[in-house]
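Coordinates in review
Listed here are the chains, written in short residue letters.
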Amino acid sequence: MNHLAELAVLIVAALSGTLGAMVGLGGGVFMVPIFSAFLGVPIKTAIAASALAVIVNSLGGASVYLKHRMVNIRLALVLLIATTLGAIAGAVLVSIAPVDVLRLVFALALYGMIALLSSRRASSDPITSGADRQSLGGAFYDPAAGTVVRYIPQRVALGTAASTFAGFLSGLLGVGGGFMQVPLMNTLMRVPVKAAAATSAYMIGVTVVGSVLLYYANDLLVPQVAVPAVIGVFLGSQIGSRLGRHVRGLWLRRILILILLYLATTLLLQALGVTVPGAR
């Protein structure tokens, strides 16, 4: 890669990190399709670079969320084991999976996330009363609403099982699992979207560590892509985690849906052999 291409990777990573930290997705869900579809980076290289950047993004974004007590640490620890095991299994398949299959799986996963975020339950009010047998209830101050938001996670066992699949896709696609973890926590477990985003940002760095080691062992980590991606995501995560506290959850969902719809369609068309204007 030349210096101009590396600069493009840095800029895309910074923008992805900003938006990723705002919605708890780690940025990889944006970087992988943009790197592979528009910057000419092989998708497996993009997946490996994204996974490494996701770890940095998690550290940068989660530190801010932890400072403002938006992370539900107890819930994160419950979900982490299942998510991490799934991520390792997914990473094993990356080196042998055909490129177009990865594109197709990525596109379908994004469409599934869009469906979850568009459902009525995505905007449901959190459960604030009733039994909390696992002591997983949480509370945080929402500057946009000007009030303290309290909630009790629901269907914890089902959410933990679903986290295994989220982890599998994170290892397969190098995106940290947040792109599924956030809507799953929000719609299935009734965790407010900002708390879900903060908790996901805290989790995804740990989730991806095992996957990155497997990518490295298979020579998928290319420094010319990985280094600017890591730097860009770190800078973007610092901005995004601060902006995310002051943007209403409804607007975060709307922005996310529009961007993911475009990226999912681009990857789907490429997987089917259709030429996309502007894509490589």
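Cut-offs applied
Residues numbered from 1 in each chain as written. Predicted model: local features only at pLDDT ≥ 70, side-chain atom pairs only at ≥ 80, totals over all residues. Heavy atoms only, no water. Helix = DSSP H or I, 4+ residues; strand = E, 2+ residues; numbered from the N terminus. Buried < 20%, exposed > 50% of the residue type's maximum accessible area, 1.4 Å probe, protein only. Contact = heavy atoms within 4.5 Å. Areas by Shrake-Rupley, 256 points an atom, 1.4 Å probe, with all protein chains shown as cover. Salt bridge = Lys/Arg side-chain N within 4 Å of Asp/Glu carboxyl O. Core = buried A, V, L, I, M, F, W, Y, C linked by side-chain atoms within 4.5 Å. Pairing = 2+ DSSP bridges. Phe/Tyr/Trp six-rings, centres within 6.5 Å; stacked < 30°, edge-to-face > 60°. pLDDT = per-residue confidence, 0-100. Expected span 1.5 Å × (residues − 1).

A look at the overall build of the chain
Along the chain, the regular secondary structure elements total 10 helices and two strands. In the chain, the order of α-helices and β-strands from amino to carboxyl end is α-α-α-α-α-β-β-α-α-α-α-α. The buried share of the chain, taken over its 280 residues, is 56%. Sequence-distant contacts in the chain: of pairs separated by 6 or more residues, those separated by 24 or more amount to 81%. If you sum the accessible surface of the chain, you get close to 11,600 Å²; carbon and sulfur atoms cover 67% of it.

Quick notes on the pattern of salt bridges
In the structure shown here, the tally under the stated rule is two salt bridges. A salt bridge links R103 to D100; the nearest nitrogen and oxygen atoms lie 3.2 Å apart. Residue R103 and its partner D100 are both found in helix α5 (residues 99–118); the two are separated by three residues, about one turn of the helix. K194 is paired through a salt bridge with D142; the nearest N and O atoms lie 2.8 Å apart. Placement of K194 in helix α8 (residues 193–217) and of D142 in strand β1 (residues 138–142) is noted, with a sequence separation of 52 residues between them. Taking relative accessible area as the criterion, K194 reaches 7% and is therefore assigned buried. Relative accessible area serves as the criterion here: at 10%, D142 is assigned to the buried category.

Describing the nonpolar core
Ranked by size, the top nonpolar core spans 78 residues in total, and within it F35, F106, V191, Y215 and L260 carry the most contacts. Here this core gets 11 residues from one element, more than from any other, and that element is helix α3 (residues 43–67). Apart from residues no more than four positions distant in its own chain, Y215 is found in contact with I47, A48, A51, A91, V94, S170, G171, L172, G174, L220 and L221.

Some points on the pairing of β1
Burial along β1 is one-sided: G138, F140 and D142 are buried, and none of A139 and Y141, which face the opposite way, are. Sheet topology note: the β1/strand β2 (residues 147–151) ladder contains five bridges and is antiparallel. Among the inter-strand pairings, F140 is bridged to a residue of β2, identified as V149. What sits between β1 and β2 in their antiparallel hairpin is a turn of four residues, with G146 showing a positive phi close to 70 degrees.

Considerations on the packing of aromatic side chains
One pass over the full model with this rule turns up two aromatic pairs. Considering the side-chain rings of F38 and Y262, the 6.1 Å spacing of their centres and the 10 degrees angle between planes classify their relative orientation as stacked. Taken together, the residues F38 in helix α2 (residues 28–38) and Y262 in helix α10 (residues 249–271) connect sequence positions 224 residues apart.

Examining the confidence of the model for the chain
Taken as a whole, the chain shows an average pLDDT of 82; of its residues, 89% reach a score of 70 or greater. Averaged pLDDT values for the elements of the chain fall to 79 in helix α7 (residues 178–188) and rise to 88 in helix α4 (residues 73–94).

Quick notes on unusual backbone geometry
The phi angle at R69 is positive, at roughly 60 degrees, despite the residue not being glycine. Examined against the element boundaries, R69 turns out to sit in the loop between α3 and α4. Overall, the relative accessible area of 69% leaves R69 in the exposed class. One non-glycine residue, R155, lies in positive phi territory at about 50 degrees. What makes R155 partly exposed here is its relative accessible area of 37%.

Let's talk about α4
With 22 residues, α4 ought to run about 32 Å at 1.5 Å a step, and its terminal C-alpha atoms sit 30 Å apart, in line with that. Turning to α4, its buried residues number three or more, namely L75, A76, L79, L80, A82, T83, T84, G86, A87, G90, A91 and V94.

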